[in-house]
Amino acid sequence: MGRPPILPAVLPPVRDDLAELVGYHSAQVDVDVRLNTNESPYPPPAAWREAFVAELDGVAYHRYPDRRARALRAAIGELHGVGADQVVAANGSNEVLQALCLAYGGPGRAAATFEPTYALHSHIARITGTGVVSGQRRDDFTLDPAEVRRVLATARPAITFLCTPNNPTGLVEPQELVEAAVAAAPGLVVVDEAYAQFAPWSALSLVAADRPLVVTRTFSKTWAMAGMRLGYLVGPPEVVEACERVLLPYHLDAATQAAGRLALRYTAEMEARVAAVVAERERLAAALRELAAQVWPSGANFLLFRPARDADLVWKGLVERSVLVRNCSSWPRLAGCLRVTVGTAAENDAFLSALREVLT
Ligand SMILES: Cc1ncc(COP(=O)(O)O)c(C=O)c1O
């Protein structure tokens, strides 16, 4: 005679507004050449590693880290000529975007995106209960200022996301477009500059204490530190205070804070990596233009292209040759498109020769 069960037999449903949502994933396949997530193909400098290991030795592991990450924020501020009070640092720029949505979005408010763009802007908006209003780019994926004005005037979004260079298209928004969006926005304009060091201009110079504009950046790409998870924003002190209200206490661990602070000592090495990637990007773009039906000009460390053959078959053919790129062909408006991250010269050669084989 067993006891009657006292534990509930079914799990509760998740929030109604999450029921339809699937997590954000990039297919991870075991291959020799990984060109699917826009990481740096080069590791950080050996001197940074040594400095980081030495710093770890001095971490008081039994104590919480500096909750306000003061030294790191001061170092980032110094890099951009602003005070620490204009910087928020978090676990990747995705966490910064989440803090912005928690602070400025939420139920009854909307965030605007211009598609196709970085999928996490709308995804993070949704998981924070923020409504999403999607404007559309032109057929060539440039952004019409009239479309920006239309969306801002009709939807009155609390947050307007721009992304320059834009992921996954690689296109750089003109400065006038960002300025016009800031002038017309009823709320905060968030310019996601995850790839800005690869591009000819940055919106950082437009940031001011009384302007509703923030610029987000990451250590994952140009700083070659995707494994550490560190990103930040530069914006008005009032926005920084708003983010501090929603971030969890001690969200940024001591090791990550040290890693980022030390990375900034190696700016020249970062710039050399960026220059090498930009040179390779141009070589890759020229070669791809011979092979693909369409290649978009890129200001980032990746290229969007449309092969003349079925993109799913091309993607599979590349994987069979141990090369992984991002298959965007099922994404809205990106039918037939693949995105390749710029790798080392050897990786790019491996990709190009695999692509040649697949296409012929
Ligand atoms: C446009 C854009 N923003 C933000 C991120 C996320 O960066 P992090 O690694 O800092 O979270 C990415 C990563 O691919 C990105 O493409």
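Residues numbered from 1 in each chain as written. Predicted model: local features only at pLDDT ≥ 70, side-chain atom pairs only at ≥ 80, totals over all residues. Heavy atoms only, no water.

K.L.:
Which residues make up unusual backbone geometry, and what values go with them?
P.N.:
With the exception of glycine, the majority of residues adopt a negative phi angle, and the majority of peptide bonds are in the trans configuration. Of note, the amide linkage connecting E115 to P116 takes the cis form, showing an omega dihedral of -5°. Relative to the elements of secondary structure, P116 occurs in the loop between β3 (110-115) and α4 (119-127). T164 connects to P165 through a cis peptide bond whose omega is -10°. As for its placement among the helices and strands, P165 is situated in the loop between β5 (159-163) and α6 (175-184). Not every positive phi belongs to a glycine, and F141 is a case in point at roughly 75°. (Helix = DSSP H or I, 4+ residues; strand = E, 2+ residues; numbered from the N terminus.)

K.L.:
Run through the pattern of salt bridges, naming residues and quoting values.
P.N.:
Summed over the entire model, instances satisfying the criterion amount to 13 salt bridges. Its salt-bridge partner being E280, residue R283 comes within 2.9 Å of it at the nearest N-O pair. In this pair, R283 and E280 are both assigned in helix α9 (residues 267-291), three residues apart and thus about one turn of the helix distant. In this structure, R321 engages E357 in a salt bridge whose closest nitrogen and oxygen atoms are separated by 2.7 Å. Of the two residues, R321 sits in the loop between α10 (311-320) and β11 (323-327) while E357 sits in helix α11 (residues 345-359), which places them 36 residues apart along the sequence. With a relative accessible area of 47%, E357 lands in the partly exposed category. One continuous salt-bridge network, built from bridges that share partners, spans R68, R73 and E244. (Salt bridge = Lys/Arg side-chain N within 4 Å of Asp/Glu carboxyl O. Buried < 20%, exposed > 50% of the residue type's maximum accessible area, 1.4 Å probe, protein only.)

K.L.:
How would you summarise the sheet that holds strand β6 (residues 188-192) if you had to cite specific residues and measurements?
P.N.:
Strand order across the open sheet formed by seven strands is β2-β8-β7-β6-β5-β3-β4, with mixed pairing between neighbours. Two strands lie at the open edges of the sheet, namely β2 (87-90) and β4 (131-136), each paired on one side alone. Adjacent strand axes in the sheet meet at a mean angle of 25°, parallel and antiparallel pairs treated alike. Note that β2 and strand β8 (residues 231-234) share four bridges and pair antiparallel. Looking across to β8, one finds that V87 is bridged to V234. Packing against the sheet, helix α2 (residues 70-80) makes contact with β2, β7 (213-218) and β8, and its axis sits at approximately 125° to β2. The sheet strands contacting helix α7 (residues 237-246) are β2, β6, β7 and β8, and the helix crosses β2 at an angle near 30°. (Pairing = 2+ DSSP bridges. Axes fitted to C-alpha atoms, helices over the stretch in contact; angles between N-to-C directions. Contact = heavy atoms within 4.5 Å.)

K.L.:
So what's going on with the packing of aromatic side chains? Residues and values would help.
P.N.:
For the coordinates displayed, the defined rule picks out seven aromatic pairs. Both rings, one in Y195 and one in F302, keep their centres 5.0 Å apart while their planes meet at 80°; by these two values the pair is edge-to-face. Taken together, the positions of Y195 in the loop between β6 and β7 and F302 in strand β10 (residues 302-306) put the pair 107 residues apart, joining distant regions of the chain. With relative accessibility at 3%, the residue Y195 sits in the buried group. An angle of 65° between the planes, with centres 5.9 Å apart, marks the rings of F219 and Y232 as edge-to-face. Highlighted residues: F219 in the loop between β7 and β8 and Y232 in strand β8, separated in sequence by 13 residues. Grouped by ring-pair contacts, the aromatic residues F219, W223 and Y232 constitute a single cluster. Between the NZ or CZ atom of R67 and the centre of the ring of Y250, over which it lies, the distance is 5.9 Å. The cationic tip of R339 hangs over the ring face of F302; the distance from NZ or CZ to the ring centre is 5.5 Å. (Phe/Tyr/Trp six-rings, centres within 6.5 Å; stacked < 30°, edge-to-face > 60°. Lys NZ or Arg CZ within 6 Å of the ring centre and 35° of its normal.)

K.L.:
Could you give me a rundown of the domain arrangement of the protein, with the residues and numbers involved?
P.N.:
When cut into domains, the protein gives domain 1 (22-44 + 268-359) and domain 2 (46-266). Each of domain 1 and domain 2 has a C-alpha centre, and these two points are 25 Å apart. Facing the 31 residues of domain 1 at the interface are 34 residues of domain 2. Of the roughly 2,500 Å² buried at the junction of domain 1 and domain 2 (both faces included), carbon and sulfur atoms supply 63%. In this structure, the connection of domain 1 to domain 2 is made through zero salt bridges. For the side of domain 1 that touches domain 2, the elements supplying multiple residues, two or more each, are α9 and β10. (Domains from an automatic or database assignment. Buried area = accessible area lost by both parts, 1.4 Å probe.)

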